[in-house]
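Tertiary structure, described
Below, each chain spelled out in residue letters.
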Amino acid sequence: MAVPPEAAGAAESRGGSVDAPHKRQEKRDRVVIRFAGDSGDGMQLTGMQFTSESALAGNDIATLPDFPAEIRAPAGTLAGVSGFQLNFSSNEIFTAGDEPNVLVAMNPAALKANVDDVPPNGVIIVDREAFTDANLKRAGYTGNPLTDHSLDKFQVIQVDVTKMTASALHGSGLSNRDVFRTRNMFVLGMLSWLYQRPIESTIKYLDSRFKKRPEILEANIKTLKAGYNYGETAELFASSYEVPPAKITPGLYRNITGNSATALGFVAAAVKSGRPLFLGSYPITPASDVLHELSGYKNFPIYTFQAEDEIAGVSSAIGAAFGGAIAITTTSGPGMNLKAEAIGLAVKTELPIVVTDIQRAGPSTGMPTKPEQADLMMAIYGRHGEAPLPVIAAATPADCFECAFEAVRIALKYMTPVILLTDGQLANGAEPWLVPDPDRLPDIEVELRTDPEGFMPYLRDEETLSRPWAVPGTKGLEHRIGGLSAENLTGNVSYSPANNELMVRTRARKIAGIAREYPPTEIFGDTAGGDLVILGWGSTYGPIREAVKQLREKGKKVSHIHLRYLNPFPRDLEDKLRLFKKVMIAEMNMGQLLKLVRADYLIDAFGFNKIQGRPFKVSEIVNRASRALEG
Amino acid sequence: MATALTRKDFVSDQEVRWCPGCGDYAILAGVQKVMPEFGVPPENVVFISGIGCSSRFPYYMNTYGFHTIHGRAPAFATGLKVSRPELDVWVVTGDGDGLSIGGNHLIHVLRRNVDLKILLFNNRIYGLTKGQYSPTSEVGKVTKSTPLGSVDFPFNPLTVALGAHATFVARTVDVEQKHLGETLKRAHDHRGSSFIEILQNCNIFNDGAFNDVTDKGIKAEHQLILEHGKALIFGKNRDKGIRLNGHRPEVVALGNGVSESELIVHDESNLALAFMLGNFEAPLPTPIGVFYATSRPTYDAALNKQLADAKTKQGPGDLKKLLASGDTWTVD
């Protein structure tokens, strides 16, 4: 979601710059489009470009890519269907939309995999020529849905995309295969006309992407324009649609995915702390993009180390933290399991690292490209022994920036590993981001110990209880740390029973104390209390907030609290929850936050859970909350 | 002017807690003795270890030290060395730590050639867990976990290191203080991953594992000291040598028509020869010394060069520019 203007009457946004349409134009305040095709059909690219065009047209946007783990499943099969859903609106929006108003299906498999999500009277645009007997069979159709009336409840628009792409490129000298691959640009052009999006940004993008292959560049642009012109002249569409710009806080914007925002948050934290950044990481879906992105920023300086495994990823980060770097590691669920022992060492030796878990659907390998929130308990408790650490979770793609920055700040201030939770939906989902001014970001103070006078490795700061950061190369501070139980102050190996309890309790107190600096917990809705509060964390922010807004518009006394700080909990959380008659906790797991809230506060909260590798639909939350209000 | 460093500068105030008679004492003494000669002040030296008897080593050095988790010391050391290339970083590991649970990290650190000095104490037994066979124990070894004898074929640390394309591979012996010191010096002078297998006696669970190369009465007949450019000669009277018979090495008695010129001359730059020597087993003698030394860019230097080049080419990181990069638009 974009940032809404702070005051009513804030500047009206800019006008569109599209050509005046020749046909009738209708207004819509929001549209959800899903592009679906074979993995090789370029649907992600099509979706992202349509997103850019929509952002430039001034809409608020939210996206959700949905692609298979297989890079190229057999062409034309259900397993190979790749989708990209985009919600664009004149109003503030919070999700990529429950169901598409428009489904673009490039082949029968794409239709079959997605048609159930399209509401009655929804628009389905298909490439007619892709509905061959062979393709229908591969998708598991026994008849042809384009002719057997099974799609009668939808508005089906059949377009000869393949043929028209071929005509547009007639005489170009390109191979049939290269021609076929530009089909997605025809579709993008057509949809761009239909929703009056400017295509200049896509042309600019193609320019840079195919700089070295002018013939491919030319073909793509030609096909894009052919699609645009086809939309305008063909009789298929009675009108085009205008989705007027949303009211958005003035400023400089860019689209950002959660993974990009996470990477940039780390860079910003390193710059504001004046220390080099070190990322030790092993490739894993859906976390690898953070590694890719940071690998491109070496001049900051940023060290990226692609380790031999997950354990080496976190271990190298801890080694770098011992040496004074801003040290991070990025992974997803399976990698978290492998890193657990090393994270415990960082807890024990009190070294600052940030472990980013970009959650995916489990257990085991699960559904690597699909989001879930089932790593919460593991993040908080998943180490042997008493090994508490702070856990924070990002709520939206753009929020990943702030959370990454905050995670580093806490790690350094309290000399502790911090776990940052995002998920596959945030990682790959995108939204407009009001680009922050680095001068207005807070400085992160780093105090490396240099004075040998009175130095002891575990002599703590009285307020934060953090120990000094004394890095190799500092004369007079030579000391040894390790995983063995250590004596208070000196850090020397100690098996003293009382000392062990003292150290365990002190570390726990240090972590618990972090809650003292949290901002007050915000209630969206009835700040003095009401019938129902929906408590959430992480990527469920969008659907919960939208659902609560819809319920409140109907006069329901429903509110929303969203947690960024999951360990330790905010100190005011219990009191805030007790303001409400009922507490519903919506999360994409079997009820992990629910257990924590019930255990900590003895509040009789109830859960609303979904474990399908898909985000909540707004309607699902609205329905569940409505039932709770009745019962 | 700085005063010269002494052994005392490297001795910590902690009581050493290995079993009396453990070979680790000798190695510790050897390292502490030779460290001052490197001229690196203690604050710039870091010892990183994993888990096991050998891995208690850092506590006894008055340098920076990090006793980490089982098998992972090379990974911790890599993160530190890459981001702080000016430090002198040592890894202390054992046959279980380095070749069993940590085998993966060991081979990868060696192939990357991170500029680390890696000391692998090989006693062919799990000591800290009180006597199970290790990945270097011989087949048939009877231990607590192999009452009928081990059926597990062992690793040879040297050929593992050579196979991973380590750029410096050596072997020495805990009680051979002079040789230990010289080997450490060679390792320290080398730029890149220096791998030293140190044959180390566990007098509690595997006493006498290396008797043939440590027993004063017989060691001269079993120890082959490698010296670059010199013929492979051993024996109390230096009357035996190693000759190639076809492609196979054999022990020959010198004299009686066999001259030194027929013997193999050690060449540290010859990987094939290093492999052959690494695979020596009875009746061939046990080689000690530098098997292989070559020069290859180190990972840490190469990565730091990329960072420096990026800065020269793009200028120092500009956060404002970075945040505002990509497709942007302005809302008025």
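Residues numbered from 1 in each chain as written. Chains lettered and ligands numbered in written order. Predicted model: local features only at pLDDT ≥ 70, side-chain atom pairs only at ≥ 80, totals over all residues.

Some thoughts on the overall build of chain B
If you tally the helices and strands in chain B, you get 11 helices and 12 strands. For the C-alpha atoms alone, the extent of chain B along its principal axes is close to 95 × 50 × 45 Å. Residues classed as buried in chain B amount to 47% of the 332 residues present. Within chain B, residue pairs in contact and separated by at least 24 positions form 66% of the contacts whose partners lie at least 6 positions apart. (Helix = DSSP H or I, 4+ residues; strand = E, 2+ residues; numbered from the N terminus. Buried ≥ 20, exposed ≤ 12 C-beta atoms within 10 Å, placed from the backbone. Contact = placed C-beta atoms within 7 Å.)

What about the nonpolar core?
In this structure, V267, L277, I318, I353 and V408 of chain A together with V169 of chain B are the most contacted members of the largest nonpolar core, which totals 249 residues. Those residues within four positions of I318 of chain A in sequence are excluded, and the remaining contacts are A327, A342, L345, A346, L351 and I353 of chain A together with F76 and G79 of chain B. (Core = buried A, V, L, I, M, F, W, Y, C linked by C-beta atoms within 7 Å.)

Thoughts on the sheet that holds strand β1 (residues 45–49) of chain B
Ordered by their spatial adjacency, 9 strands build an open sheet running β17(A)-β2(B)-β1(B)-β3(B)-β4(B)-β6(B)-β5(B)-β11(B)-β7(B), and the pairing between neighbours is mixed. Edge positions in the open sheet fall to β17 (480–482) of chain A together with β7 (223–225) of chain B, since each of these has one partner strand only. Strand-to-strand, the axes of this sheet are offset by a mean angle of 20°, without reference to chain direction. In terms of strand pairing, strand β3 (residues 88–94) of chain B meets strand β4 (residues 117–122) of chain B through 5 bridges, oriented parallel. Across the sheet, the residue bridging to W90 of chain B is K117 of chain B, located in β4 of chain B. Across the sheet, helix α2 (residues 73–83) of chain B touches β1, β2 (64–67) and β3 of chain B, and the angle it forms with β3 of chain B is around 175°. (Pairing = 2+ DSSP bridges. Axes fitted to C-alpha atoms, helices over the stretch in contact; angles between N-to-C directions.)

Overview of the confidence of the model for chain A
Overall, the prediction assigns chain A a mean pLDDT of 93, with 96% of residues at 70 or greater. Contacts of residues 7–21 of chain A to residues separated by more than four positions or lying in other chains number 21 contacts, the stretch itself having pLDDT below 50. (pLDDT = per-residue confidence, 0-100.)

Remarks on unusual backbone geometry
Residues and elements named next belong to chain A. Cis geometry marks the peptide bond from G362 to P363, where omega comes out at 0°. A cis amide bond links N567 with the next residue in sequence, P568, at an omega value of -10°. Residue placement: P568 occurs in the loop between β20 (565–567) and α18 (573–577). Backbone geometry places H149, a non-glycine residue, at a positive phi of 70°.

Section: the interface of chain A and chain B
On the chain B side, the residues contacting the 61 residues of chain A number 50 residues. Looking at the side of chain A that touches chain B, the elements that each hand over two or more residues are α1 (43–56), β9 (251–257), α9 (258–273), β10 (277–281), β11 (302–306), α11 (310–322), α12 (333–349) and β17 of chain A. Per element, the largest residue contribution to the side of chain A that touches chain B is 9 residues, and it comes from α11 of chain A. Residue composition of the side of chain A that touches chain B, by class: 35 nonpolar, 17 polar and 9 charged. (Nonpolar A, V, L, I, M, F, W, Y, C, P; charged D, E, K, R; others polar.)

Some details on α12 of chain A
Since one α-helical turn is 3.6 residues long, residues separated by three or four positions face the same way. Residues and elements named next belong to chain A. With 17 residues, α12 extends 24 Å between its outermost C-alpha atoms, agreeing within 8% with the 24 Å of an ideal straight helix rising 1.5 Å per residue. The principal kink in α12, of about 50°, is found at K339. Across the 17 residues that make up α12, a large majority, 12, are buried. Inspection of α12 places G333, G335, M336, K339, A342, I343, G344, L345, A346, V347, K348 and T349 among the buried residues, and these make up the whole buried set. In this structure, the buried side of α12 is in contact with α11, β12 (326–331), β13 (353–359), α13 (376–381), β17 and α16 (497–513). Looking one or two residues beyond α12, the residue adopting positive phi is E350, at roughly 55°. (Expected span 1.5 Å × (residues − 1). Bend = angle between axes of the 7 residues up to and from the residue.)

Looking at the environment of N304 of chain B
All names here are of chain B. Examined against the element boundaries, N304 turns out to sit in helix α10 (residues 299–314). We classify N304 as partly exposed; it has 17 C-beta atoms within 10 Å. Sequence separation between N304 and R84 is 220 residues; the distance between their C-alpha atoms is 9.6 Å.

Looking at the packing of α11 of chain A against α2 of chain B
For the pair α11 of chain A and α2 of chain B, the least separation of the axes is 6 Å and the interaxial angle reads 45°. With respect to α2 of chain B, the axis of α11 of chain A lies oblique. Crossing angle aside, the handedness with which α11 of chain A passes α2 of chain B is right-handed. Contact with α11 of chain A, carried on its side by I311, A312, S315, S316, A317, I318, G319, A320 and F322 of chain A, involves A75, F76, A77, T78, G79, L80 and S83 of chain B of α2 of chain B and no other residues of that element. Tallied by class, residues from the contact of α11 of chain A with α2 of chain B come to 10 nonpolar, 6 polar and no charged. (Parallel < 35°, antiparallel > 145°, perpendicular 65-115°, else oblique. Left-handed = near helix turned anticlockwise from the far one by under 90°.)

Quick notes on the pairing of strand β5 (residues 168–173) of chain B
Residue and element names in this part refer to chain B. Burial analysis of β5 places 6 of its 6 residues in the buried class, which makes it a mostly covered element. Both faces of β5 are covered, namely the face carrying F168, A170 and T172 and the face carrying V169, R171 and V173. Sheet topology note: the β5/strand β6 (residues 194–199) ladder contains 6 bridges and is parallel. Following the sheet pairing, F168 is matched in β6 by S194. Taking the sense of rotation as the criterion, the β-α-β connection linking β5, helix α6 (residues 177–189) and β6 turns out right-handed. (Right-handed = clockwise from strand over helix to strand, strands pointing away.)

Things to note about the sheet that holds strand β22 (residues 606–609) of chain A
Residue and element names in this part refer to chain A. Ordered in space as β19-β18-β21-β22, the 4 strands form an open sheet in which the pairing is parallel. Every interior strand has two partners, whereas the edge strands, β19 (558–563) and β22, have only one. For this sheet, the mean inter-axis angle between neighbouring strands, taken without regard to orientation, is 25°. Summarising the sheet, strand β18 (residues 532–537) and β19 pair through 6 bridges and their orientation is parallel. In the strand pairing of β19, I534 is matched with H560. Relative to strand β21 (residues 582–587), helix α19 (residues 592–601) is tilted by about 145°, and along the sheet it contacts β18, β21 and β22.

Quick word on the packing of α9 of chain A against helix α14 (residues 399–414) of chain A
Residues and elements named next belong to chain A. Following both chains from N to C, one finds α9 and α14 inclined at 40°, their axes separated by 7 Å at the closest point. Relative to α14, the element α9 is oriented oblique. Relative to α14, α9 is oriented so that their crossing is right-handed. Of α14, the residues touching α9 (which contributes G258, A261, T262, L264, G265, F266, A268, A269 and S273) are C400, F401, E402, C403, A404, F405, V408, R409 and L412.

Brief notes about α14 of chain A
All names here are of chain A. Taking 1.5 Å per residue as the helical rise, α14 with its 16 residues ought to reach 22 Å, and the 22 Å between its terminal C-alpha atoms agrees with that figure. Along α14, 14 of the 16 residues are buried, which leaves the element largely enclosed by surrounding structure. Backbone geometry just after α14 places M415 at a positive phi near 45°.

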